[in-house]
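Examination of the molecular architecture
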Amino acid sequence: MGKLINYPYVEMASRNELVTLLREAPLACDLSITLFQSAANSYKHDSLLRPFPPFFIDNGERDIDRLRSVANGISKQEVLWEQLENKTTTNDVCELLAWLLIDLKTFTLKIAPHSVFEDLQQRTGRSSYNIRPDYVFKVDYLDDSRFSSQRETFGTFYAYHGSRLENFHSILHHGLISHLNKNSVFGAGTYLSSDLNVCMLYSPASRGWQHSRLGTNISCIAVCEVINHPDVKKSSTEGKPKPQQSKVEGGEIPGASIPEKYYIVKNNELLQIRYILVFGQKVQTRTSRRGFFSRHKFAVIMCLYLLALIFIGFIQSPVYRQYIHKFLR
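What this report covers is the structure whose coordinates are included nearby. (Residues numbered from 1 in each chain as written. Predicted model: local features only at pLDDT ≥ 70, side-chain atom pairs only at ≥ 80, totals over all residues. Heavy atoms only, no water.)

Looking at the overall build of the protein chain
When helices and strands are counted, the protein chain shows 14 helices and 11 strands. The 329 residues of the protein chain split such that 47% are buried. The contacts in the protein chain between residues at least 6 apart in sequence include a share of 79% that link residues at least 24 apart. Carbon and sulfur atoms form 54% of the exposed surface of the protein chain, whose accessible area is close to 18,000 Å². (Helix = DSSP H or I, 4+ residues; strand = E, 2+ residues; numbered from the N terminus. Buried < 20%, exposed > 50% of the residue type's maximum accessible area, 1.4 Å probe, protein only. Contact = heavy atoms within 4.5 Å. Areas by Shrake-Rupley, 256 points an atom, 1.4 Å probe, with all protein chains shown as cover.)

This is the structure we're talking about:
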């Protein structure tokens, strides 16, 4: 992990900025660290760690083992603040956090009030069953010019996109890229839905940062603003689309119609992520409710087995037979 920090790589001003950021926006920092760690610990890290911290590249080779060791060594935030202020963290940890939370200027994350979700439901329509995120994060991209001009021309609508937790580090930094989508039933493109619950099927809860306040296991849903362009495929029931918008081209079912509440976007410039919905699960709490059985599973099974043997022995005993014979007379 390296020696105690003397900050040869991280300027004092950057260190102070890092401490301030961790204190003022702890949940936003938490999400960034969680998404990064999920990608780093995935077996698909080669494709998911985009961008990749350049100081973990040696002679053109990514040192993923060293990166994982450093990333997994990040302390919980309360301890991390003190370590940074007291200069007792390591060069590697400080440099990684500065790169992840300060140097990457593609976008900013900000925790949003829960009332924002009510507004999003008004924009997208109510889900098929009631579900609410634990946290809502607003995403502001620093360069939004390519999107703004088309918004004025065609207007926009909002829809959800589900993906695995490990994908979101790359998704936030590079956007949703249509050719990376593996679902091609209705043709190539990025699949979205106006029904949040449809997208939840594609966002299983996964383990991220072990010290995360967001949850031991979390899942994320991207809320996207989509240009209402004629090239966007949508169901014939959604906003009176043109005939060619509701038909599939090049899908596994040629000529099929787009299902209700689905959208397919082939042009990456026609959608932009506006919010991230986070659903957290506290595994420790859930486990504690079932803790006795989890800790004593073998003993419980053996007790049940012995009770079954006693029961079988009892019903085969003369006493039981006499009782039954007397009762049935």
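Quick notes on unusual backbone geometry
Omega for the bond connecting arginine 50 with proline 51 falls within 30 degrees of zero, at 5°, which places this linkage in the cis form. On the secondary structure map, proline 51 appears in the loop between helix 3 (45–48) and strand 1 (57–58). Even without being a glycine, asparagine 59 presents a positive backbone phi close to 55°. Within the secondary structure, asparagine 59 is located in the loop between strand 1 and strand 2 (61–62).

Brief notes about the packing of helix 4 (residues 64–72) against helix 6 (residues 91–103)
The contact between helix 4 and helix 6 brings their axes to 9 Å, and the two run at 85°. Between helix 4 and helix 6, the crossing angle belongs to the class labelled roughly perpendicular. Each of Arg66, Leu67, Val70 and Ala71 in helix 4 lies in contact with helix 6, whose residues at this interface are Asp92, Val93 and Leu96. Tallied by class, the residues present in the contact of helix 4 with helix 6 amount to five nonpolar, no polar and two charged. (Axes fitted to C-alpha atoms, helices over the stretch in contact; angles between N-to-C directions. Parallel < 35°, antiparallel > 145°, perpendicular 65-115°, else oblique. Nonpolar A, V, L, I, M, F, W, Y, C, P; charged D, E, K, R; others polar.)

What about helix 6?
Helix length check: helix 6, at 13 residues, gives a terminal C-alpha distance of 16 Å against a target of 18 Å (1.5 Å per residue), a shortfall beyond 12%. In terms of residue burial, helix 6 counts as a mostly covered element, since 12 of its 13 residues are buried. All of the buried residues along helix 6 are Asn91, Asp92, Val93, Cys94, Glu95, Leu96, Leu97, Ala98, Trp99, Leu100, Leu101 and Ile102. (Expected span 1.5 Å × (residues − 1).)

With respect to the pairing of strand 10 (residues 262–265)
Summarising the sheet, strand 6 (residues 190–193) and strand 10 pair through four bridges and their orientation is antiparallel. Each bridged residue has a counterpart across the sheet, and for threonine 190 the counterpart in strand 10 is valine 265. Sheet analysis places strand 9 (residues 233–234) next to strand 10, joined by two bridges and oriented antiparallel. If you follow lysine 234 over to strand 10, its bridge partner there is tyrosine 263. (Pairing = 2+ DSSP bridges.)

Re the side chain of serine 42
As for its position among the elements, serine 42 is in the loop between helix 2 (26–40) and helix 3. For serine 42, the side chain forms a polar contact with the side chain of glutamate 166, separated by 3.1 Å. Dropping the residues within four chain positions of it, serine 42 is found in contact with Leu48, Arg68 and Glu166. (Polar contact = N/O pair within 3.5 Å; in protein donor to acceptor, adjacent residues only side chain to side chain.)

A few points about the packing of aromatic side chains
Following the criterion strictly, the structure yields six aromatic pairs and no others. Both rings, one in phenylalanine 36 and one in tryptophan 99, keep their centres 6.0 Å apart while their planes meet at 70°; by these two values the pair is edge-to-face. Of the two residues, phenylalanine 36 sits in helix 2 while tryptophan 99 sits in helix 6, which places them 63 residues apart along the sequence. Take phenylalanine 36: its relative accessible area is 1%, and that puts it in the buried class. Given a relative accessible area of 8%, tryptophan 99 falls into the buried group. Ring geometry for phenylalanine 55 against phenylalanine 56: centres 5.2 Å apart, planes inclined by 50°, an arrangement best described as tilted. Ring pairs connect the aromatic residues Phe36, Phe55, Phe56 and Trp99, which therefore count as one cluster. (Phe/Tyr/Trp six-rings, centres within 6.5 Å; stacked < 30°, edge-to-face > 60°.)

Thoughts on the nonpolar core
Formed by 32 residues in total, the largest nonpolar core has its most connected members in Leu31, Cys220, Ile273 and Ile276. Elements with a contribution of two residues or more to this core: helix 2, strand 3 (107–112), strand 4 (135–141), strand 5 (156–162), helix 9 (168–174), strand 8 (217–227), strand 10 and strand 11 (271–281). Counting residues per element, this core draws most heavily on strand 8, which supplies six residues. Setting aside chain neighbours within four positions, we find cysteine 220 in contact with Leu31, Leu35, Ser163, Leu165, Phe168, Ser203, Ile276, Leu277 and Val278. Leu22, Phe56, Trp81 and Ile102 belong to the second-largest nonpolar core, a separate cluster that totals 30 residues. (Core = buried A, V, L, I, M, F, W, Y, C linked by side-chain atoms within 4.5 Å.)

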